[in-house]
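Secondary and tertiary structure notes
Below, each chain spelled out in residue letters.
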Amino acid sequence: GNPKTYTPILKQHGITVVHVVSSSKFALKSQEAGCDAVVAEGFEAGGHNGREETTTMVLIPAVKKVLSIPLIAAGGIATGRQMLAAMVLGAEGVQIGSRFVCTPEASSHQAFKEAIIHSNEGDTMLSMKKVVPVRLLKNKFADEIQAAEKRGASVEELTQILGRARAKKGMFEGDMEDGELEIGQVSSIIREIKPAADVVKEIWDEFNEALTQPV
């Protein structure tokens, strides 16, 4: 949403504000609104996404050129090498979501976690651009949305198909057919469920190893 809406109120109470954006234009608006940092999230990301469909590889250097506040990269990042790549492109840090879905600590349903670790390249899709763009793991619900979009369904019809609590039904209650399964493209390289501490260690170790290797 508009960073001007809540940023001044939050800043008045001493709260650090980081706004999520999908373009250089909105990164600048966030900076002008007084945000302390921005998360620039590329097209690869799971969940809600940008209509521009700009990939992280393109988005991060573009946003870096216009910002003077810290830049955090998101979208398609799950390994130490990907974290390093984001920083080489200009990010000061990274935000990782999809990788942590497949941890015992995550509130996601076990059936959803299992679906992720068995997914392959091309098993996610960006849909509902008329309503609110979201990347989903393909299933019966995603197919229904895609079919409706192909025939030119209106915003009202798409909203009706989406219904209420669809994400809760899929990701948290485990309905793998009619639920909304939000996950990033990086799901195709996630192959095991492991504790969050182990995930962090694995990412950090790979990051440091990649730093020492010659280019």
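Presented here is a report on the structure given in the accompanying data block.

1. What to know about the sheet that holds strand S3 (residues 47-48)
Pairing is antiparallel in the open sheet, where three strands are placed in the order S3-S7-S6. Unpaired on one side and paired on the other, S3 and strand S6 (124-127) mark the two borders of the sheet. The pairing of S3 with strand S7 (residues 134-137) spans two bridges and is antiparallel. Each residue of the ladder has a partner; that of Gly47, found in S7, is Arg135. In the packing of helix H7 (residues 140-150) onto the sheet, contacts are made with S6 and S7, and the angle to S6 comes to roughly 45°.

2. A closer look at the pairing of S7
Burial along S7 is two-sided: Val134 and Leu136 and Arg135 and Leu137, pointing in opposite directions, are all buried. Across four bridges, S6 lies against S7 in antiparallel orientation. Residue pairing for S7: Thr124 is matched across the bridge by Leu137. Here S6 folds back onto S7 in antiparallel fashion, the turn holding six residues, of which Met128 has a positive phi close to 60°.

3. Concerning the environment of Gly184
Mapped onto the elements, Gly184 comes out in the loop between helix H9 (166-172) and helix H10 (196-212). Since its relative accessible area comes to 2%, Gly184 is described here as buried. Separated by 139 residues in sequence, Gly184 and Ala45 place their C-alpha atoms 4.5 Å apart. Sequence-distant contacts of Gly184, defined by excluding residues within four places in its chain, comprise Glu44, Ala45, Gly46, Ser98, Thr124 and Arg135.

Cut-offs and rules
- Residues numbered from 1 in each chain as written.
- Predicted model: local features only at pLDDT ≥ 70, side-chain atom pairs only at ≥ 80, totals over all residues.
- Heavy atoms only, no water.
- Pairing = 2+ DSSP bridges.
- Helix = DSSP H or I, 4+ residues; strand = E, 2+ residues; numbered from the N terminus.
- Contact = heavy atoms within 4.5 Å.
- Axes fitted to C-alpha atoms, helices over the stretch in contact; angles between N-to-C directions.
- Buried < 20%, exposed > 50% of the residue type's maximum accessible area, 1.4 Å probe, protein only.

Shape is all these values report; function is a separate question.
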